[in-house]
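# Examination of the molecular architecture
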Amino acid sequence: MDKSPKEHQKAKLLYLARMFFQETDESHGLTMPQIVEYLEERGVSAERKALYRDIDVLRSFGLDIAAKPTRPVEYALVKRPFSKTELALLADAVQSSRFLTERQAGKLVRSIKALASRHDAKALSKQVHVEGRIKMQNDSVFRNVDVIQEALRRRRKVAFRYFKYDVNLREQMQRDGRRYCETPLALIYSDGCYYLVAYNDKHASLVHYRVDRMRSLLCTEERATSNDVTRSFDAATYQGTLFSMFGGTRRTATLLVHESVMGGIVDRFGKDVASAPALDAAQAGGNDIPAGTWARVSVAVTESPAFFAWLARFGTKVRIEKPSELAQAYRAYLEDIANSYR
C-alpha cells in the first residue's frame, strides 16, 4: 500500500538520515539541490530553509553532518561508528575465516558494508580466497556459538556429540556417538577456527573442542562446575601457551634466541616477554651455532608437536636451554621425522 503525501512528510527525517548514511562520507557530499531531488524522488517535498532545520535536528541527535567547503556547498556525514579502514579490517577478517562457508562470509560482509556509504562499500566487495575453507553450507557454527554464549551467561554445562574425520574423510563420531557434557569456560579464535575451552569433570582438566565439529549442541540445566580451576581460568593466558590449539603439558621454557629471529618471538609471545642478553650462548652451542648476538628468553609453552613445528622454522637460531626434558623431547621429535625419510 502506497504511503500518502502526509505520511511521506512525517518520514522526512528518516529519509534524510538514510540518505546521509548511504550516499555521503568524508569524501562524498551532496548539494542542497541534490538533497531536494533525493527527497522528491521518494515523494517528500522539501524547502531549503526547512532542510537546514532538519539537518540541525539530525546533528542534535548525534549525526556528525558537516558542510564541506566546496562550491556549491556539499553536506556529508563525516563520522560513523566505524571508519572505512576499520570496516575493511572487519571485512578482511570475516573473509579470511576458514570456519565460515563462502555463503556465511558473504552474508556477514554484506552486513558490514551496510555500515558504510555506497561509495566505501564498493571497496569492501573484494573476494578473498581462503585455503581450507569449509564447504558445508550450513549455519551450525553460528548456532553453536549462540548456544555456548547462552551457557556461559547462564553458567550451565553444554552437551554435544563430537566428530573427527577418518581416512576416507567421513565424519567419525567420537565415544561411539555418546554425548560429551562439559563446563564451558571461553570461546577462542585460533588459526581461522573457533574453539570451546571447557572443564572436564572426569579428568579434572581443561580441554578444547572445534566448534564446527560439534553436533546436536545444547545448553543443559546442569550447573557449571565451580572450583579453583574454573574460577581462575584466564582465556588470554591459556591461549598464549598453546600452539595451533594443541593440548599438552604446560612448561616454562628458557630459549636461546638469535637476534635475527627475535621478531618471530615477539610476534608469538608479545613484547612483554622476559628477555636478557645471553653472551655465553654461542660458545655453549659449538661450531654449528650462528655467530652474533643472542638472548635468553623465558616463555610459557605447551609441549606439543605444534610447538616443536613452530620451533623448527627457526632452525639453529632458536634452541631450548631449559628444561632438559623439553629439549630431549624436541630432539626426539626431529629424529623421528628424520628417521621416517630413511
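Residues numbered from 1 in each chain as written. Predicted model: local features only at pLDDT ≥ 70, side-chain atom pairs only at ≥ 80, totals over all residues. Heavy atoms only, no water.

Right, let's talk about the pairing of strand β10 (residues 249-258) for a bit. Where β10 lies against strand β12 (residues 294-303), ten bridges are found, and the strand directions are antiparallel. In the sheet register, Thr254 faces β12, and the bridge partner there is Ser298. Pairing between β10 and strand β13 (residues 318-322): four bridges, direction antiparallel. Residue pairing in the sheet places Val257 in a bridge with Val318 of β13. (Pairing = 2+ DSSP bridges. Helix = DSSP H or I, 4+ residues; strand = E, 2+ residues; numbered from the N terminus.)

With that settled, consider a nonpolar patch on the surface. Taken together, Phe82, Leu90 and Leu115 make up a surface patch of nonpolar side chains, about 240 Å² in accessible area. Residue position: Leu90 is located in helix α5 (residues 84-95). Accessibility expressed as a relative area gives 37% for Leu90, which makes it partly exposed. (Patch = residues over 30% accessible without salt bridge, like charges linked within 9 Å, V, L, I, M, F, W, Y side chains within 5 Å. Areas by Shrake-Rupley, 256 points an atom, 1.4 Å probe, with all protein chains shown as cover. Salt bridge = Lys/Arg side-chain N within 4 Å of Asp/Glu carboxyl O. Buried < 20%, exposed > 50% of the residue type's maximum accessible area, 1.4 Å probe, protein only.)

This brings us to the nonpolar core. In terms of nonpolar packing, the biggest core is built from 21 residues, with Leu16, Phe20, Ile35, Leu39, Leu51 and Ile65 touching the most fellow members. Looking at this core, the elements that each hand over two or more residues are α2 (12-23), α3 (32-40), α4 (48-61) and β3 (74-77). In this view, Phe20 contacts Ile35, Ile55, Leu58, Ile65, Tyr75, Ala76, Leu77 and Arg80; residues no more than four positions away in its chain are not counted. (Core = buried A, V, L, I, M, F, W, Y, C linked by side-chain atoms within 4.5 Å. Contact = heavy atoms within 4.5 Å.)

Once that is clear, we can look at helix α6 (residues 102-113). In this model α6 runs 16 Å from its N-terminal to its C-terminal C-alpha over twelve residues, within 8% of the 16 Å that 1.5 Å per residue would give. Among the residues of α6, Gln104, Ala105, Val109 and Ile112 are the ones counted as buried. For α6, the angular spread of buried residues about the axis comes to 130°, placing them on one side. Exposed side of α6, more than 90 degrees from the buried face: Lys107 and Arg110 are the residues found there. Buried residues along α6 sit against α5 and α8 (140-154). (Expected span 1.5 Å × (residues − 1). Arc of directions from axis to C-beta.)

This part takes up the sheet that holds strand β2 (residues 65-68). Judged by pairing direction, the sheet is antiparallel, and its three strands sit side by side in the order β1-β3-β2 without closing on themselves. What marks the edges here is a single partner per strand, and that holds for β1 (30-31) and β2. Looking at chain direction, β1 and β3 are connected through two bridges and run antiparallel. For Leu30, the partnering residue across the bridge sits in β3 and is Tyr75. Of the strands in this sheet, β2 and β3 are in contact with α4, which crosses β2 at around 135°. (Axes fitted to C-alpha atoms, helices over the stretch in contact; angles between N-to-C directions.)

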